[in-house]
Amino acid sequence: MLHVSVMGFLQRAARNELRRAAVPVAVVGSMRRGWQTLKKRRSFLTLSPAAKGQTGDDLIMGERAAARTNQALNKISGMYVGKNMAVSKKVADNLEKAFGKAKSPGLGGPQCRDVRAVEFAEGPIGLEIQWTTPPVVVGVVPGGAGENASIQKGQALLEINGCPMTEALPEMELEELMQQRPLRLAVATLERVAASATSSRADAVRHKGVTKFQSAVAVQTAAEVLELVHEEHRRCIHATLQDHSLAQQFFSNVQVPRASEGAPVTRWDLRLPMEPLIYRALEELLGRSSGEEGAGATLEDLAGPDAELWELGVVVTEPGAAPQAVHFDAAERCLYTAFLALQDVTYEMGPTHFWPGTNTPVAHRRFEDDPGCLEAVPLAAPLLQAGDLVMYDSRLLHCGGGNTSTQTRALLYITFRDQHRDPQSLGIHQHSIRPSLAGRFRLRQFRP
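Quick caveat, the model's predicted, so the values are computed rather than measured.

Student: When you look at the confidence of the model for the protein in this model, what are you seeing that I'm missing?
Tutor: In low-pLDDT regions, the fine details of the predicted coordinates are not to be read closely. Model confidence for the protein is summarised by a mean pLDDT of 77, while 72% of its residues fall at 70 or above. Taken together, the stretch residues 74–109 has pLDDT below 50 and engages in 91 contacts with residues farther than four places along the chain or on a different chain. Overall, residues 193–198 carries pLDDT values under 50, and its contacts beyond four positions in sequence, including any with other chains, amount to 20 contacts.

Put into structure tokens, the structure is as follows:
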């Protein structure tokens, strides 16, 4: 994460405060973690016109398109359609076949028989595949290579070119695997297809990089937290102007804090204290009331019960804020972030834009080589109601949208570190949490 000059920042903030009278000054907020990775790879910021985020029109895709992607995320859905697979539109459109079903508890691994290896030297394989865990063949093209290899509908893929399919993979990794030739598959017949081949919200995050939870907390809880956020913001601004050394305790750097040089700050990141209200909100969000397929259970599946609370803050975007450049927060799998809407978020307020399936080094390499490649990836900009939540793999390519409305957008965020991963060994040394809270909380503390 980058550091701003504290003195220069405070001088600008003081000028803005005088300029804007009763309107609280926006302080430079958090540059999301990926900037530390990207600053050494400047070509990541040379984006196509559709992704630059330099004007309010750059990322506009319209309310109807945003609503469609929002509906897709509501279904926790996605069907991988590879270039070497003859997939029917009916199967590709039936999103709930691939995602949205809860895992059956206590099943363990899939029970299989007749495991055998199949190799395709070239060309299409002629299979329709449902990307559950493990993937299941749901259709075989007559006369195709799959039928010639005696692959049958209902069989499972246990390995693809030596890669086990026991855990959902990011979409672009699957695409790259399926395009390899020769293509070697370990095919088996499942003893219990319906029970073994399942998908969950955690699988959706592994596969697509993002999923959405409706009503993760009560609307009243969101409203109470929003009020606390505004009060805490004003308090921290005042305290920082009195004591410059507090800036790095209360605030983190942010990408595109101003719409233009010399303009007032319109986007910032406030590190939140663990007030009783915040703790209760996290218990509501992550605890028993969220259910087996709720946010807490999903994070536990992804990062483990001893996952560390790595970040706790709120990103606030004022009217006039410019869109951010496309970026990722971590280069390797180690962090999972959840954004909680504290008020209804319309498209004009600049929802976070996600490129599903780009939570992989494969996508990062493609983006570095050709930023225009994102034009071929369907864009998701979830429109949230107060209390809704979006969870994403921090490797996912994303950016904050521009706020062209007259309302301020506030998103509380929490990030948990995978209990088996050490971000510092990956070059992620700093994170948006108050120093007094760092290392003190684990996911299990908010769970039943």
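Student: What exactly am I supposed to notice about the environment of Pro378 here?
Tutor: Along the polypeptide, Pro378 turns up in the loop between helix H13 (361–369) and strand S13 (389–393). Remark: the alpha-carbon pair of Pro378 and Phe354, spanning 24 residues in sequence, is separated by 8.9 Å. Here Pro378 is in contact with Phe354, Trp355 and Pro356, once residues within four sequence places are set aside.

Student: Explanation requested: helix H9 (residues 219–242) in the structure shown.
Tutor: Given 3.6 residues per turn, any residue in an α-helix points the same way as the ones three and four places further on. Under the 1.5 Å per step criterion, the end-to-end length of H9 is 35 Å for 24 residues, consistent within 8% with the ideal 34 Å. Among all positions in H9, only Thr221, Ala222, Val225, Leu226, Leu228, Val229, Glu232, His233, Cys236, Ile237, Ala239 and Thr240 are buried.

Student: I tried to follow the sheet that holds strand S10 (residues 308–317) on my own but got confused; where do I start?
Tutor: Across a sheet, strands are paired by hydrogen bonds formed along the backbone, either parallel or antiparallel in direction. Here we have seven strands laid out as an open sheet, ordered S7-S13-S11-S15-S10-S9-S8, and antiparallel in their pairing. The sheet is open, and its two edges are formed by strand S7 (210–213) and strand S8 (251–252), each paired on a single side. Note: S7 against S13, four bridges, orientation antiparallel. Each bridged residue has a counterpart across the sheet, and for Lys212 the counterpart in S13 is Val390. Where helix H8 (residues 201–208) meets the sheet, its contacts fall on S7, strand S11 (335–341) and S13, and the angle it forms with S7 comes to roughly 145 degrees. Lying over the sheet, H9 contacts S8, strand S9 (267–271), S10, S11 and strand S15 (409–417), oriented at roughly 95 degrees with respect to S9.

Student: Looking at this model, I keep getting lost on the pairing of S9. Mind explaining?
Tutor: Regular strands place side chains that alternate from one sheet face to the opposite one. Most of S9 is tucked away, with five of its five residues classed as buried. Neither face of S9 is left uncovered, since the one carrying Arg267, Asp269 and Arg271 and the one carrying Trp268 and Leu270 both have all their residues buried. Here two bridges tie S8 to S9, and the two strands are oriented antiparallel to one another. Each residue of the ladder has a partner; that of Phe251, found in S9, is Leu270.

Student: Sorry, what's going on with the packing of aromatic side chains here?
Tutor: For any pair of aromatic rings, geometry is given as the distance between the ring centres together with the angle between the planes. A full pass over the atoms with the stated rule returns six aromatic pairs. Aromatic pair Tyr279 and Phe441: ring centres 6.4 Å apart, planes at 55 degrees, arrangement tilted. Of this pair, Tyr279 sits in helix H11 (residues 276–286) while Phe441 sits in the segment after S15, and the two are 162 residues apart along the sequence. For Phe441, a relative accessible area of 7% translates into the label buried. Pairing Tyr279 with Phe446 gives two aromatic rings, centres 5.0 Å apart and planes at 45 degrees, and the pair type is tilted. Separated by 167 residues along the polypeptide, Tyr279 in helix H11 and Phe446 in the segment after S15 bring together distant segments of the chain. An aromatic cluster of three or more residues is present, and its members are Phe339, Phe354, Tyr392 and Tyr413.

Student: Would you take a moment to explain the pairing of S10 for this structure?
Tutor: By the criterion of burial, S10 is predominantly enclosed, with ten of the ten residues buried. Note: S9 against S10, five bridges, orientation antiparallel. Note on S10: the bridge partner recorded for Trp268 is Val316. The pairing of S10 with S15 spans nine bridges and is classified as antiparallel. Of the residues in S15, the one forming a bridge with Glu311 is Thr415.

Student: I would appreciate a short explanation of the pattern of salt bridges in the present structure.
Tutor: Any two side chains of opposite charge can pair, given that their charged atoms come close. Throughout the structure, instances matching the rule amount to 14 salt bridges. A salt bridge links Arg184 to Glu119; its shortest N-O distance comes to 3.1 Å. With a gap of 65 residues between them, Arg184 in strand S6 (residues 183–190) and Glu119 in strand S1 (residues 112–120) connect regions that are remote in the sequence. By relative accessible area, Arg184 is classed as partly exposed at 44%. Put simply, Arg235 and Glu232 hold a salt bridge, and the shortest N to O gap is 2.8 Å.

Student: Is there a simple way to think about unusual backbone geometry in this case?
Tutor: Keep in mind that most residues, glycine aside, have a negative phi and that most peptide bonds are trans. Cis peptide bonds are those with omega within 30 degrees of zero, and the linkage from Thr133 to Pro134 qualifies with 0 degrees. Relative to the assigned elements, Pro134 resides in the loop between strand S2 (127–130) and strand S3 (136–140). Put simply, Arg181 and Pro182 share a cis peptide bond, and its omega is 5 degrees. Relative to the elements of secondary structure, Pro182 occurs in the loop between helix H6 (171–179) and S6. Positive phi is not limited to glycine here, since Ser215 has a value of about 55 degrees. One can find Ser215 in the loop between S7 and H9. Residue Ser215 is classed as exposed on the basis of its relative accessible area, which comes to 59%. In this structure, Val256 takes a positive phi of about 55 degrees despite not being glycine.

Student: How should the packing of H6 against H13 be read in this particular structure?
Tutor: Direction vectors running N to C along H6 and H13 enclose 85 degrees, while the axes themselves pass 7 Å from each other. Our classification of the angle between H6 and H13 gives roughly perpendicular. Taken together, the residues of H13 that come into contact with H6 (itself represented by Met172, Glu173, Glu175 and Glu176) are Pro361, Val362, Ala363, Arg365 and Arg366. Looking at the contact of H6 with H13 residue by residue, the class counts come to four nonpolar, no polar and five charged.

About the thresholds
- Residues numbered from 1 in each chain as written.
- Predicted model: local features only at pLDDT ≥ 70, side-chain atom pairs only at ≥ 80, totals over all residues.
- Heavy atoms only, no water.
- pLDDT = per-residue confidence, 0-100.
- Contact = heavy atoms within 4.5 Å.
- Helix = DSSP H or I, 4+ residues; strand = E, 2+ residues; numbered from the N terminus.
- Expected span 1.5 Å × (residues − 1).
- Buried < 20%, exposed > 50% of the residue type's maximum accessible area, 1.4 Å probe, protein only.
- Pairing = 2+ DSSP bridges.
- Axes fitted to C-alpha atoms, helices over the stretch in contact; angles between N-to-C directions.
- Phe/Tyr/Trp six-rings, centres within 6.5 Å; stacked < 30°, edge-to-face > 60°.
- Salt bridge = Lys/Arg side-chain N within 4 Å of Asp/Glu carboxyl O.
- Parallel < 35°, antiparallel > 145°, perpendicular 65-115°, else oblique.
- Nonpolar A, V, L, I, M, F, W, Y, C, P; charged D, E, K, R; others polar.

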